[in-house]
Amino acid sequence: MRLDKYLSNFSGLSRKEARQVIKQGDVLVDGDMITDPTCNIADTAQVQWAGMKVAPAGPRYFMLNKPVGYVCANRDSQHPTVFELLQEDDIESLQVAGRLDIDTTGLVLITDDGQWNHRVTSPKTRKAKIYRVQLAEPIDPSASAQFAQGILLRSEKKRSRPAELEILAPRQVRLTLHEGKYHQVKRMFAALNNHVEQLHRERIAGIVLDEDLAPGEYRALTAAEIMSIDDD
Ligand code: URA
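Residues numbered from 1 in each chain as written. Predicted model: local features only at pLDDT ≥ 70, side-chain atom pairs only at ≥ 80, totals over all residues. Heavy atoms only, no water.

**Observations concerning the overall build of the protein**
- The helix and strand inventory of the protein stands at six helices and 13 strands.
- The globule rule puts the C-alpha radius of gyration for 232 residues at 17 Å, and the 23 Å found for the protein is more than 25% above it.
- Considering only C-alpha atoms, the protein reaches an extent of 75 × 35 × 35 Å along its principal axes.
- Taken across its 232 residues, the protein has 43% of its residues classed as buried.
- A separation of at least 24 residues holds for 62% of the contacts in the protein among residues at least 6 apart in sequence.
- Looking at the protein, you have 30 positive and 33 negative side-chain charges, and the mean spots of the two groups are 7 Å apart. (Helix = DSSP H or I, 4+ residues; strand = E, 2+ residues; numbered from the N terminus. Rg over C-alpha atoms; globule rule 2.2 N^0.38 Å. Buried < 20%, exposed > 50% of the residue type's maximum accessible area, 1.4 Å probe, protein only. Contact = heavy atoms within 4.5 Å. Lys, Arg positive; Asp, Glu negative; His and termini not counted. Charge placed at Lys NZ, Arg CZ, Asp CG, Glu CD.)

See below:
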């Protein structure tokens, strides 16, 4: 990468300012002063500006409390996206780790660490996703046993993986899934002739939605939260 591009990408300087400080002799590459902004530098180069190390930021991890009406896509021609709620640089490199439908609220994880994203979302890792569900019809107490056995979704041949259903009120349940098929929660209740009126994700594996985040707010994950994905 060209030195002026590298410096402006990773230091917050504009390209013009980066060219100026390079020409002034304020930039060292592997300990040598380089005054040519067009100089190509190696991926492994150590760059310093005015004595400070300049390097790509480490991977980023966020939790967002998704409001209704936002889509979990990087671009959408009709609806606002969850990325419009973030005040971050280089939004294009961020991805959602586990989408929610436009009318679902709650915990969305966002990262630019592709491997971590894969560990959160891969069907092989079976990370728990916990939802609070408001139903149109009262739930029959026998539904817990049906979820424990796995539900046969319409248009599927195999039952879903066993899921845990906790009945909180006649029309409110907490559901723990270990897979994430398209519209899975809504399809599970549709298979029982019920209908999901509100859906809210409370937790993914060990990461619980921070109750201090109002809908639309987000924060960086703590180191413990990031590492908790690799527990169990
Ligand atoms: N299941 C659904 O049906 N919708 C979601 O947004 C998440 C899980």
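From this point, things continue past the structure.
**Focus: the packing of helix H1 (residues 3-11) against helix H2 (residues 15-23)**
- The interhelical angle for the contact between H1 and H2, taken along N-to-C directions, is 120°, at an axis separation of 8 Å. Taken together, the axis directions place H1 and H2 in an arrangement best described as oblique. The two elements H1 and H2 meet at a crossing, and its hand is right-handed. Residues Leu3, Asp4, Lys5, Leu7 and Ser8 of H1 touch H2, and the partners they reach there are Arg15, Ala18, Arg19, Val21 and Ile22. (Axes fitted to C-alpha atoms, helices over the stretch in contact; angles between N-to-C directions. Parallel < 35°, antiparallel > 145°, perpendicular 65-115°, else oblique. Left-handed = near helix turned anticlockwise from the far one by under 90°.)

**Observations concerning the environment of aspartate 112**
- The residue aspartate 112 is located in the loop between strand S7 (105-111) and helix H3 (114-121) in this model.
- The partly exposed category is assigned to aspartate 112, whose relative accessible area is 27%.
- Distance in space between the C-alpha atoms of aspartate 112 and threonine 35 is 32 Å, their sequence separation being 77 residues.
- Separated by 2.6 Å, the side chain of aspartate 112 and the backbone nitrogen of arginine 60 make a polar contact. (Polar contact = N/O pair within 3.5 Å; in protein donor to acceptor, adjacent residues only side chain to side chain.)

**Some words on the site of the ligand**
- Near the ligand you find Leu100, Asp101, Thr104, Tyr131, His183, Gln184, Val185, Lys186 and Leu199, and these make up its full shell.
- Threonine 104 has a polar side-chain atom sitting 2.8 Å from an oxygen atom of the ligand.
- Between an oxygen atom of the ligand and a main-chain N or O atom of lysine 186, the distance comes to 3.1 Å.
- With three residues, the single largest contributor to the shell around the ligand is helix H5 (residues 184-191).
- Mapping the shell around the ligand onto the domain boundaries places at least three of its residues in each of domain 2 (58-125 + 211-232) and domain 3 (128-204). (Near = heavy atom within 4 Å. Domains from an automatic or database assignment.)

**Observations concerning the sheet that holds strand S3 (residues 47-49)**
- What the four strands build is an open sheet, ordered S2-S1-S3-S4; its pairing is antiparallel. Strands at the two margins of the open sheet, each flanked by one partner only, are strand S2 (32-33) and strand S4 (52-54).
- The sheet strands contacting H1 are strand S1 (27-29), S3 and S4, and the helix crosses S3 at an angle near 70°. (Pairing = 2+ DSSP bridges.)

**Brief notes about the pattern of salt bridges**
- Tallied over the full model, the rule gives 15 salt bridges.
- Linking lysine 181 and glutamate 156 is a salt bridge whose minimum nitrogen-to-oxygen distance equals 3.3 Å. Of the two residues, lysine 181 is situated in the loop between strand S10 (172-177) and H5 and glutamate 156 in the loop between helix H4 (143-149) and strand S9 (164-169); the sequence distance between them amounts to 25 residues.
- What makes lysine 181 partly exposed here is its relative accessible area of 28%.
- The partner of glutamate 156 in a salt bridge is arginine 187, and the shortest N-O contact between them spans 3.0 Å. Here the residue glutamate 156 occupies a position in the loop between H4 and S9, and arginine 187 occupies one in helix H5, the gap between them amounting to 31 residues.
- A residue is classified by how much of its surface remains accessible, and glutamate 156, at 27% relative accessible area, is partly exposed. (Salt bridge = Lys/Arg side-chain N within 4 Å of Asp/Glu carboxyl O.)

**Details of the side chain of lysine 66**
- Within the fold, lysine 66 resides in strand S5 (residues 61-66).
- Of the buried charged residues, lysine 66 lacks a salt bridge, with aspartate 103 as the closest side chain of opposite charge at 6.6 Å.
- At a separation of 3.0 Å, a polar atom in the side chain of lysine 66 contacts the main-chain carbonyl oxygen of tyrosine 70.
- With residues near it in sequence (within four places) discarded, lysine 66 still touches Cys72, Val82, Leu100, Asp101, Ile102, Asp103, Thr104, Thr105, Gly106 and Val108.

**Here we look at unusual backbone geometry**
- We note that alanine 50 has phi near 50°; this positive angle belongs to a residue other than glycine.
- Of note in this structure, serine 155 is not a glycine but carries a positive phi near 70°.

**Concerning the nonpolar core**
- Membership of the largest hydrophobic core comes to 32 residues, with the highest contact counts inside it found for Ile110, Val133, Phe147, Leu175, Val185 and Phe189.
- Of all the secondary-structure elements, those providing two or more residues to this core are S5, S7, strand S8 (129-135), H4, S10, H5 and strand S11 (196-204).
- Once you skip the residues sitting within four places of it in the chain, phenylalanine 147 turns out to touch Pro162, Ala163, Leu165, Leu175, Met188, Phe189 and Leu192. (Core = buried A, V, L, I, M, F, W, Y, C linked by side-chain atoms within 4.5 Å.)

These results come straight from atomic positions and should not be treated as a statement about function.
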